[in-house]
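The lines below spell out each chain.
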Amino acid sequence: MSRTDEPDSARRNAGPAEGSILEIADLPLVETYGSFSGRDSFRDTCRKLFALPDVPFLRTPDGQLVVFRNEHLRTLSTLPAAGNMSPDALSAGSFEALRDEAAAPAGTGGALVRILANQVFFTNAPLHDPARRILTKQLSPKAVAALEPLAETIIAELLAEITDVGEVDFQRHFGDELTCRFWAALIGMTAEEKGALVEFVRDMSGMFNIDPTEHDVHVFDMAADGYGKTVVQAVRRAVASGGFPLVDAIAEDIKGLEFSDDPAIAGIVPRDAGDYLAANLVDAFHTAALGASNVVYTMLRHPCVLDRLRADRSLLPAATFEGFRLEPPVLHLHRYALEEIVFEGVRIPKGTTIMMCWGAGNLDPKAFPEPEQFSLDRPMRGHSTFGAGVQICPGRILAFMLAEKTLDALVSQDLSLNFKEGDCDWYEKWAMAQLKQMPIEIQRMHQ
Ligand code: HEM
């Protein structure tokens with residue numbers, strides 16, 4: 001077979017041809033062009049880089065490969081060797097020490113690592129697929145459709161609470177509440193637990209600050225500890241009482257995970273549904289809340305879209321797609337080279353952390369002409385908001401549903417939406433596009 005007959009994946013993993021392979025150290029530093037952290041810097045950096053077709057990849061000062069072009073994100077992520085970080089890689093080899101609560105008490109970073117170690121995002125073969133299937137079974141298109149009435153009820157309740165009361169912060173009073181109330185209902189939390197959880201999730205989101213101070217670490221780690229204990233307690237109570245179908249099914253499926261812990265590669269096996277859900281719902285509480293707010297933010301910045309949606313609600317999926325594309329909550333997350341990979345002429349040594357700038361793929365003009373334009377007429381495909389390949393986000397259908405139902409409620413009621421765009425503010429230096437505040441006044445037009 002000639003080289004040109006080889007499948008794409010084989011060519012990308014082919015041994016280096018002498019002289020034609022770049023090392024990561026040969027690539028420009030991301031700082032040369034800006035930063036992919038923090039929503040505003042991320043957008044400026046995308047503008048600069050997409051005007052420079054000759055810069056395919058970048059690197060960070062500590063040797064991570066930075067991938068930001070749509071096609072590269074989507075093809076690299078399908079290679080089995082571009083896996084997940086393991087608990088050891090997550091904690092720079094100190095997982096065993098952090099695992100011990102006495103040695104690494106809450107507040108030092110240990111609490112967060114102990115929770116995340118049970119997340120599918122920190123597993124690889126042979127654990128990854130069966131652990132992931134436990135979640136995807138509960139979040140299939142059919143399962144998510146069955147959850148629509150719950151979402152509609154909570155959204156209607158929340159809108160009633162924030163309408164005609166003057167200015168509110170949509171992120172705080174709607175987004176954060178939406179996901180906490182939704183999951184509280186599914187895992188049987190009490191009202192007190194739900195109230196505490198909203199605060200824990202908010203404080204815990206500091207984990208996405210790429211340059212935290214010691215104080216920041218203390219705050220998010222204490223919050224992670226509170227979050228973990230609250231979710232685990234609620235889930236274990238739900239398992240004991242029965243009657244919460246999602247929890248019951250997960251508790252049953254966990255019993256089939258017959259693996260040993262392998263912090264170095266395959267990952268940690270969750271002991272029970274409490275550990276599993278506390279880990280895997282971090283983004284369900286946090287990132288899905290940003291999703292709903294960011295999609296609404298995008299729509300409110302384009303009043304003509306609002307008018308078109310009011311006239312034709314069949315455009316809601318297209319508007320939600322564009323909202324997620326233009327204001328993706330995840331700016332970057334990591335993959336990890338489980339083996340050496342040669343990709344598009346760059347050698348990625350085994351053990352390299354790969355910074356996947358998923359948000360940037362959405363602003364790549366090669367994938368989306370005039371990428372900063374909100375268009376309801378684009379084909380609804382090709383965005384990288386939820387990752388790609390076998391690790392694509394298992395919560396994407398649910399997150400999309402929550403955001404679309406939110407838009408639907410806002411356009412189908414007779415509401416005046418006085419949005420204060422100039423007063424909106426985003427966290428800087430965060431791996432997430434997260435609004436610090438999103439002031440809005442919502443009033444009924446006809447009392
Ligand atoms: C707007 C909301 C969300 C966004 C933007 C988002 C985005 C992402 C991204 C970019 C990845 C990395 C995928 C990859 O490496 O290819 C990911 C993975 C993951 N997400 Fe989400 N996510 C969201 C909501 C959720 C929800 C609601 C859940 C759970 C119910 C969830 C659970 C996970 C898990 C467990 C993984 C790891 C998957 C794996 O390694 O196989 N996410 N998500």
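Residues numbered from 1 in each chain as written. Predicted model: local features only at pLDDT ≥ 70, side-chain atom pairs only at ≥ 80, totals over all residues. Heavy atoms only, no water.

### Details of the sheet that holds strand β2 (residues 58-59)
Right, so step 1: Spatially, β2-β3-β9-β6-β4 is the arrangement adopted by the 5 strands of the open sheet, whose pairing is mixed. Of all the strands in the sheet, the pair left with one neighbour each is β2 and β4 (82-83).
Right, so step 2: Here β4 pairs with strand β6 (residues 333-337) via 2 bridges, running antiparallel. Residue pairing in the sheet places Gly83 in a bridge with Tyr336 of β6. (Pairing = 2+ DSSP bridges. Helix = DSSP H or I, 4+ residues; strand = E, 2+ residues; numbered from the N terminus.)

### Quick notes on the site of the ligand
Right, so step 1: Looking at the ligand, there are 29 residues lining it, with Asn84, His128, Arg132, Arg335 and Cys393 nearest.
Right, so step 2: Within the backbone of Ala388, one N or O atom sits 3.1 Å away from an oxygen atom of the ligand.
Right, so step 3: Elements supplying a minimum of two residues to the shell around the ligand: α7 (128-138), α15 (282-285), α16 (287-300) and β6. (Near = heavy atom within 4 Å. Polar contact = N/O pair within 3.5 Å; in protein donor to acceptor, adjacent residues only side chain to side chain.)

### Here we look at the pairing of strand β10 (residues 415-419)
Right, so step 1: Covered by surrounding structure in β10 are Leu415, Leu417 and Phe419 only, the residues Ser416 and Asn418 on the alternate face being uncovered.
Right, so step 2: The pairing of β10 with strand β13 (residues 439-444) spans 5 bridges and is classified as antiparallel. By the bridge assignment for β13, Ser416 is matched with Gln443. (Buried < 20%, exposed > 50% of the residue type's maximum accessible area, 1.4 Å probe, protein only.)

### Section: the coordination of the iron atom of the ligand
Right, so step 1: Coordination of the iron atom of the ligand by the protein involves just one donor, Cys393 (SG), at a distance of 2.3 Å.
Right, so step 2: Assignment of secondary structure puts Cys393 in the loop between α19 (358-361) and α20 (396-412). (Donors = N, O, S within 2.8 Å, 3.2 Å for Na, K, Ca; no water.)

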